[in-house]
Amino acid sequence: MNAACGDVCSLSSSLCSASCTTCDEQQVAGADTPVSRRYDMGATSGVFRFDYNTYTVQDDILVWNGETLLFDTGCVGASDTIYISYSSTSSIIRVDVEPNCDCIVVNGCTGTRWRFQLYCLNYTTVTTSTTTTTTTTTTSATTTTTTRTTRTTTSATTATSATTTTTTRTTTTTTTATTTTTTRMPVNLWNPTINISVARTHHTSTYIPETNTVLLTGGTDLAWTESVHVSTASSTVQGSMTEIRAYHTANRLSTNFVLLAGGYSVATADIFDPIAGSVTGTISMSVARSQHVSATIQYRGVTKVLLAGGVGPVATGDVYDNTTNKFSPVSNSMSSARWGHTATTVSNGYVIIAGGRNGSADGTETNSLDLYNSSSNTFLPIAANMNTARYQHTATYMPSINAIIFAGGWSLINGFLQTYEIFDVATLTFIRNGTMLRPREWFASSLLLNGRVLLIGGNNNYMNLVACEIYDPSTNTVTAAANMNYARRYHTATLMTSTGQVMACGGEGAIRASTTCEVYTP
């Protein structure tokens, strides 16, 4: 197939069902006849989506770029969606189908069916060359002197004449400047999917930039941790915490220090070294906390972690100080006990705490806010309230407009919430509101490097979601993002700052708890 069909668009043979066309995203289907389809992707590098289904009778589908085999299904009866990257001197992608590949051994040589679909590029690199020509003219002058002597009987006369010859020589210098322009089209895809060691819900995830990995800790009935590697699409089990922890919090303070605090009836915090993969110390808190919130505060050279609220409900707070390596209580209580609320670090050592439940039953959702002031170690009530009481919502700080988006959640009065509200940090007032594409509770959100906010999965009317959307603070609009490969709630979302990608891990899926992570590329 490879030799017969070749890679040049003008070539054809009886084995090739179609000449080369531009990417059209049309589905190709067939049966017992071998097929080769060639596509001009319009760029010599990129990432594209490829869907295939060989059903029950086994076929082999191969994807080529020049002489490089990018992907081979093998001789299978299966279906999948994958994302393929390539980089070469050729923009041609060729797809070869070898039907009935097991016919000699098993099935005879007829009776199969198959289909595939190749999508256009999500990412392209375009190189342009600009040539500049510079002309330089050089002039040289040559002087010739002629002497003639005339003699008479009385005198001799000498006459001198000067002849000047001018020669012009032109030198042309050509300078070629090559400018490479990379056009990064929005990729907007979830890939790859990475298997993890165990299903996790109500766990934590923390980005470790030194190793470009994501640390997962705990979850329902779990004490052990693992490190997820994006580069190899794999995970490595690491050491266990000192307690089973779920509904706990994780805050990275330095290269070798992640603070893992609370959990079911747990009044301690472990100091975990993500490089060594083990616990290096344990610190006592003032009270057991779960479904509380945490916020890292770096102010005036001191790093602190605030823990606030929790199931009970609890109205108090604890503060970890890296200079003393211990917790101390906040001087006063919040204006309301809270659990299922949010805490968002902003400037000047402040933390904004919002919503949650102030009781143990449905209907105790609150719309109130508190401010934590690290300088005075006190909670202060904020006069402004959210328009809607929210529980299990998200809160994301957007530095481009110095504001927080409170999105989604649940309340007994309004059910699953589809609204969002924008809180201005400078004035401590609400300045905008709007509607998401769908209601969400128990979802995750992440600030992207482009300043937008990705809203991921969750629960709508007791159905777990694959759907995602993006809020743009510059336009106060929401648009659809690519769907995840798996539905998720009770999951985590972690921004990987080195690449700008977001990793979603674990959670409850459509049927059961998930044993996968997947990576979003904006």
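Residues numbered from 1 in each chain as written. Predicted model: local features only at pLDDT ≥ 70, side-chain atom pairs only at ≥ 80, totals over all residues. Heavy atoms only, no water.

## Some thoughts on the overall build of the chain
Helices and strands together make up the secondary structure of the chain, namely two helices and 44 strands. Across the 522 residues of the chain, 49% fall into the buried class. Across the chain, contacts joining residues at least 24 apart in sequence account for 54% of those joining residues at least 6 apart. Surface exposure of the chain reaches about 23200 Å², of which carbon and sulfur atoms provide 49%. (Helix = DSSP H or I, 4+ residues; strand = E, 2+ residues; numbered from the N terminus. Buried < 20%, exposed > 50% of the residue type's maximum accessible area, 1.4 Å probe, protein only. Contact = heavy atoms within 4.5 Å. Areas by Shrake-Rupley, 256 points an atom, 1.4 Å probe, with all protein chains shown as cover.)

## As for the confidence of the model for the chain
Atomic detail in the predicted coordinates should be set aside for any region of low pLDDT. Across the chain, pLDDT averages 86, with 82% of residues at or above 70. A low-confidence stretch, residues 152-156 (pLDDT under 50), is modelled with three contacts involving residues beyond four sequence positions or located in other chains. Considering only residues more than four positions removed or in separate chains, one finds that residues 180-185, a stretch of pLDDT under 50, has 21 contacts. (pLDDT = per-residue confidence, 0-100.)

## A closer look at the pairing of strand S26 (residues 342-345)
On S26, burial follows the alternation: Thr342 and Thr344 on one face are buried, whereas Ala343 and Thr345 on the facing-out side are not. Pairing of S26 with strand S27 (residues 350-354) involves four bridges; the strand directions are antiparallel. Note that in S27 the partner of Thr345 across the bridge is Val351. (Pairing = 2+ DSSP bridges.)

## Focus on the sheet that holds strand S18 (residues 249-254)
As summarised here, the arrangement of the four strands in space is S18-S19-S20-S21, forming an open sheet in which the pairing is antiparallel. This sheet does not close on itself; its edge strands, each paired only once, are S18 and strand S21 (278-284). Looking at each pair of strands side by side, their axes are set apart by 25 degrees on average, direction ignored. Where S18 meets strand S19 (residues 257-261), five bridges bridge the pair, whose relative direction is antiparallel. Across the sheet, residue Ala250 finds its bridge partner in S19, namely Leu260. (Axes fitted to C-alpha atoms, helices over the stretch in contact; angles between N-to-C directions.)

## Topic: the state of the cysteines
Throughout the structure, instances matching the rule amount to two disulfides. The disulfide partner of Cys75 is Cys101, and the gap between their sulfur atoms is 1.9 Å. An S-S torsion of about 100 degrees defines the bridge between Cys75 and Cys101 as right-handed. One end of the pair, Cys75, is in the loop between strand S6 (68-72) and strand S7 (79-87); the other, Cys101, is in the loop between strand S8 (92-98) and helix H2 (103-107), and 26 residues separate them in sequence. Classification of Cys75 as partly exposed rests on a relative accessible area of 33%. Here Cys505 engages in a disulfide with Cys517; their sulfurs sit 2.0 Å apart. (Disulfide = S-S within 2.5 Å.)

## Some thoughts on the side chain of Thr204
For Thr204, the position within the fold is in strand S14 (residues 204-208). Engagement of the side chain of Thr204 in a polar contact is seen with the side chain of Thr217, the distance being 2.4 Å. Beyond its immediate chain neighbours, meaning those up to four positions away, Thr204 contacts Leu215, Leu216, Thr217, His248, Thr249, Ala250, Leu260 and Thr492. (Polar contact = N/O pair within 3.5 Å; in protein donor to acceptor, adjacent residues only side chain to side chain.)

## Regarding the side chain of Arg289
Position of Arg289 among the secondary structure elements: in the loop between S21 and strand S22 (293-299). Reaching out from Arg289, the side chain makes a polar contact with the backbone oxygen of Thr316 at a distance of 3.1 Å.

## Observations regarding the nonpolar core
Ranked by internal contacts, the top residues of the largest apolar core, which has 22 residues, are Met41, Phe48, Phe50, Val63, Val95, Phe116 and Leu118. Elements represented by at least two residues in this core include exactly strand S3 (35-40), strand S4 (45-53), strand S5 (60-65), S7, S8 and strand S9 (114-118). In contact with Val95, other than residues within four places in its own chain, are Val35, Ser36, Arg37, Tyr39, Phe50, Ile61, Leu62, Val63, Phe116 and Leu118. (Core = buried A, V, L, I, M, F, W, Y, C linked by side-chain atoms within 4.5 Å.)

## A look at the pattern of salt bridges
Counted according to the given criterion, the structure contains 14 salt bridges. Here Asp370 makes a salt bridge to Arg338, at a shortest N to O gap of 2.9 Å. Placement of the pair is Asp370 in strand S28 (residues 369-373) and Arg338 in the loop between strand S25 (326-329) and S26, with a sequence separation of 32 residues. Comparing Asp370 with Arg338 shows no difference in burial state: the two are buried. (Salt bridge = Lys/Arg side-chain N within 4 Å of Asp/Glu carboxyl O.)

## A short note on the sheet that holds strand S23 (residues 302-308)
Sheet architecture is open: four strands sit in the order S22-S23-S24-S25, paired in antiparallel fashion. Whereas interior strands pair on both sides, the edge strands pair on one side only; in this sheet they are S22 and S25. Adjacent strand axes in the sheet meet at a mean angle of 25 degrees when their direction is disregarded. Both strand S24 (residues 317-321) and S25 contribute to a ladder of four bridges, which runs antiparallel. Following the sheet pairing, Asp318 is matched in S25 by Pro329.

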